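Read off the chains here:
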Amino acid sequence: MIIDGSDNILGRLASFAAKSGLDGEEIVILNCENIVVSSTKEFLLDHYKQRIDRGHPYHGPFFPKLPDRIVKRTIRGMLPYKKERGRNAFKKVKCYLGIPSEYKGKEFEKAKIADTTKYRTLNYLKLSRISEHLGKKI
């Protein structure tokens with residue numbers, strides 16, 4: 001299943017991808033930089049900055065700064081990744097920035113559960129803005 005991540009809520013999209021991965025389905029998430037995280041701007045930027053600063057710089061825990069890796073880490077948190085079933089499901093999930101050339105002509109789906117059109121507030125940030133605040137390096 002190929003999912004266009006534009007204007008989808010991160011947590012809902014991640015839980016949908018985790019459940020589909022556990023069911024044995026291959027999941028590809030495109031446009032990860034346009035995925036939305038819902039909360040106030042100040043809270044989100046402080047929360048993700050604390051996650052980066054936590055731990056030791058050499059020994060971890062390490063937290064990603066790029067949007068596709070943040071999405072993948074969020075999906076990992078919703079899987080039993082320390083067990084074989086969770087590891088196999090996690091391997092079936094792929095996340096990309098933009099649209100790679102191998103997926104250009106293919107048809108994308110929208111995760112109806114995670115769509116922001118029903119979202120009633122404007123308290124959200126895109127992952128591209130959060131990763132810029134964290135100091136992403138490409």
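Every chain is numbered on its own, with residues counted from 1 as its sequence reads. Where local features are concerned, this predicted model is filtered to residues with pLDDT of at least 70; where side-chain atom pairs are given and counted, the filter is 80 or more; whole-chain, interface and lining totals use all residues. Hydrogens are left out, water is left out, and the side-chain values use all remaining heavy atoms of the structure.

Here's the deal with the overall build of the chain
Then step 1. The helix and strand labels rest on DSSP assignments: H or I over at least four residues marks a helix, E over at least two residues marks a strand, and numbering proceeds from the N terminus. When you go through the chain residue by residue, the secondary structure sums to five helices and five strands.
Then step 2. The size measure is the radius of gyration over C-alpha atoms, and the globule rule it meets is 2.2 Å times the number of residues to the 0.38 power. Taking 2.2 N^0.38 as the reference for a compact globule, 138 residues should give roughly 14 Å; the C-alpha atoms of the chain span a radius of gyration of 15 Å, in line with that estimate.
Then step 3. Summarising its shape, the C-alpha atoms of the chain cover approximately 40 × 35 × 30 Å along the three principal directions.
Then step 4. Carbon together with sulfur atoms contributes 49% to the accessible area of the chain, which is approximately 8,500 Å² in total.
Then step 5. Note on charges: Lys and Arg go in the positive column, Asp and Glu in the negative column, and His and the chain ends are not counted at all. Charge positions are represented by NZ for Lys, CZ for Arg, CG for Asp and CD for Glu. Once the 28 positive and 16 negative side-chain charges of the chain are each reduced to a mean point, those two points are 6 Å apart. In this description, accessible areas are obtained by the Shrake-Rupley approach with a 1.4 Å probe, and a residue is regarded as covered only by the protein chains that are shown.

Some remarks on the packing of aromatic side chains
Then step 1. Here a Phe, Tyr or Trp ring, Trp counted by its six-membered ring, pairs with any other such ring whose centre lies within 6.5 Å, and the pair is stacked when the planes are under 30 degrees apart, edge-to-face when over 60, and tilted otherwise. In the structure shown here, the tally under the stated rule is two aromatic pairs.
Then step 2. Considering the side-chain rings of Y48 and F63, the 6.0 Å spacing of their centres and the 45° angle between planes classify their relative orientation as tilted. Placement of the pair is Y48 in helix α2 (residues 41-53) and F63 in the loop between α2 and α3 (67-77), with a sequence separation of 15 residues.
Then step 3. Judged by relative accessible area, which is 6%, Y48 ranks as buried.
Then step 4. Centre to centre, the rings of Y96 and Y103 are 5.7 Å apart; their planes meet at 50°, and the pair counts as tilted.
Then step 5. Buried, partly exposed and exposed residues are distinguished by accessible area as a fraction of the type maximum, computed with a 1.4 Å probe on protein chains only: under 20%, between the cut-offs, and over 50%, respectively. On the basis of relative accessibility, which here comes to 12%, the residue Y103 falls in the buried class.
Then step 6. Two conditions define a charge sitting above a ring: the NZ of Lys or the CZ of Arg must be within 6 Å of the ring centre, and it must be within 35 degrees of the ring normal. If you follow R76 out to its NZ or CZ, it ends over the ring of Y81, 4.2 Å from the centre.

A word on the packing of α2 against helix α5 (residues 127-134)
Then step 1. Each axis is a line fitted through C-alpha atoms, and for a helix only the stretch in contact is used; angles between axes span 0 to 180 degrees, taken between their N-to-C directions. Closest axis-to-axis distance for the α2/α5 pair is 10 Å, and the angle between their directions is 50°. On the basis of their axis angle, the class for α2 and α5 is oblique. Taken as a pair, α2 and α5 cross one another with a handedness that is right-handed. The segment α2 lies against α5, with K41, L45, Y48, K49 and I52 engaging R129, I130, H133 and L134.
Then step 2. In the scheme used here, Gly and all other residues not listed as nonpolar or charged are polar, with Ala, Val, Leu, Ile, Met, Phe, Trp, Tyr, Cys and Pro taken as nonpolar and Asp, Glu, Lys and Arg as charged. The residue makeup of the contact of α2 with α5, split by class, is five nonpolar, one polar and three charged. Put simply, angles under 35 degrees are roughly parallel, angles over 145 are roughly antiparallel, angles from 65 to 115 are roughly perpendicular, and the rest are oblique. Note on convention: the crossing is left-handed when the near helix lies turned anticlockwise from the far helix by less than a right angle, right-handed when the turn is clockwise. Contacts: residue pairs with any heavy atoms within 4.5 Å of one another.

With respect to the packing of helix α1 (residues 10-22) against α3
Then step 1. Relative to each other, α1 and α3 sit at 60°, their axes nearing to 9 Å. Taken together, α1 and α3 sit at an angle that is classed as oblique. The crossing of α1 and α3 is right-handed. The segment α1 lies against α3, with L10, A14, A17 and A18 engaging V71, T74 and I75.
Then step 2. Its residues assigned to classes, the contact of α1 with α3 comprises six nonpolar, one polar and no charged.

Quick look at a negative patch on the surface
Then step 1. On the surface, a cluster of negative charge is contributed by D23, E25, E26, E107 and E109.
Then step 2. Considering the arrangement of structural elements, one finds D23 in the loop between α1 and β2 (27-30).
Then step 3. Judged by its relative accessible area of 67%, D23 is exposed. Patches here: salt-bridge-free residues with over 30% relative accessible area, like charges joined within 9 Å, nonpolar side chains (Val, Leu, Ile, Met, Phe, Trp, Tyr) joined within 5 Å. Salt bridges are identified by distance alone: a Lys or Arg side-chain nitrogen within 4 Å of an Asp or Glu carboxyl oxygen.

Structural notes on the side chain of E33
Then step 1. When you line up the elements, E33 lands in the loop between β2 and β3 (36-38).
Then step 2. In this structure E33 is buried but unpaired, with K136 as the nearest side chain of opposite charge at 7.9 Å.
Then step 3. Contacts described as polar in this section are N or O atom pairs within 3.5 Å, which, within protein, must combine one atom able to donate a hydrogen with one able to accept it, while residues neighboring in sequence count only if both atoms come from side chains. Within the structure, the side chain of E33 is placed 3.1 Å from the backbone nitrogen of G98, a separation counted as a polar contact.

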